[in-house]
Amino acid sequence: MELDDFKNTWNDLDHQVKLNPNFNLNKFDKMNQSNFQSRLKKILLPEILGSLVCIGSAVYIGINFSRLDSFTFQFIGVFTILLLVVLSVISVMSILPLYKIADLNKTYSETLQKFAEEKKNFFKLQKINL
């Protein structure tokens, strides 16, 4: 969810509260939380699938390690296994902080600042992963 979406949602909520004083804020919070979680799941699913492919590839290389007959191939095999495992961990760990942002007890500005910070960290880790 982009920062502009948060701002628009916040403004819509403010407008609805002014028009209808009986507007249920808890219902809106739950709806917004589920929307936020569904957008994060769209990011999480490809990351987990990619991580599973990397781990599967590392296991395949490990199982067939005996076929690597020279020291150079063995070194490259170990390096590839380590690289695939580390990249999988970085990929999954980069998404987890985004799930921790959705704290409804914080103010709007604190949430936006934390989200912007974590989004930058997420993109940095994705660039490293690439």
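Residues numbered from 1 in each chain as written. Predicted model: local features only at pLDDT ≥ 70, side-chain atom pairs only at ≥ 80, totals over all residues. Heavy atoms only, no water.

**Q** What's the story with the overall build of the protein in this structure? I'm lost.
**A** Counting its regular elements, the protein contains 4 helices and 0 strands. Overall, the protein shows an N-to-C arrangement of helices and strands of α-α-α-α. A separation threshold of at least 6 residues defines the contact pool for the protein, and within that pool the share at least 24 residues apart is 66%. Counting every atom, the protein has about 9,500 Å² of accessible surface; 64% of that belongs to carbon and sulfur. (Helix = DSSP H or I, 4+ residues; strand = E, 2+ residues; numbered from the N terminus. Contact = heavy atoms within 4.5 Å. Areas by Shrake-Rupley, 256 points an atom, 1.4 Å probe, with all protein chains shown as cover.)

**Q** Explanation requested: a nonpolar patch on the surface in the structure shown.
**A** Judged by side-chain polarity, Ile55, Val59, Ile63, Val85, Val89, Met93 and Leu96 come together as a nonpolar surface patch covering roughly 590 Å² of accessible area. Mapped onto the nonpolar patch, the elements with two or more residues apiece are α2 (25-63) and α3 (71-100). Here the nonpolar patch gets 4 residues from one element, more than from any other, and that element is α3. By relative accessible area, Met93 is classed as partly exposed at 48%. (Patch = residues over 30% accessible without salt bridge, like charges linked within 9 Å, V, L, I, M, F, W, Y side chains within 5 Å. Salt bridge = Lys/Arg side-chain N within 4 Å of Asp/Glu carboxyl O. Buried < 20%, exposed > 50% of the residue type's maximum accessible area, 1.4 Å probe, protein only.)

**Q** Whenever I open this one, the side chain of Glu47 confuses me. Can you help?
**A** Looking at the element boundaries, Glu47 is found in helix α2. On the accessibility criterion, Glu47 (16% relative accessible area) is buried.

**Q** Just checking my understanding: could you explain the confidence of the model for the protein for this structure?
**A** Should the pLDDT be low somewhere, the predicted coordinates at that spot are not to be read in detail. Scored by pLDDT, the protein has a mean of 76; 66% of the residues are at 70 or more. Per-element confidence in the protein ranges from a low mean pLDDT of 68 for helix α1 (residues 3-19) to a high of 85 for α3. (pLDDT = per-residue confidence, 0-100.)

**Q** What is the right way to read the environment of Gly56 from this model?
**A** Positionally, Gly56 belongs in helix α2. Owing to a relative accessible area of 39%, Gly56 belongs among the partly exposed residues under this scheme. In sequence terms Gly56 and Val85 are 29 residues apart; their C-alpha atoms lie 9.6 Å from each other.

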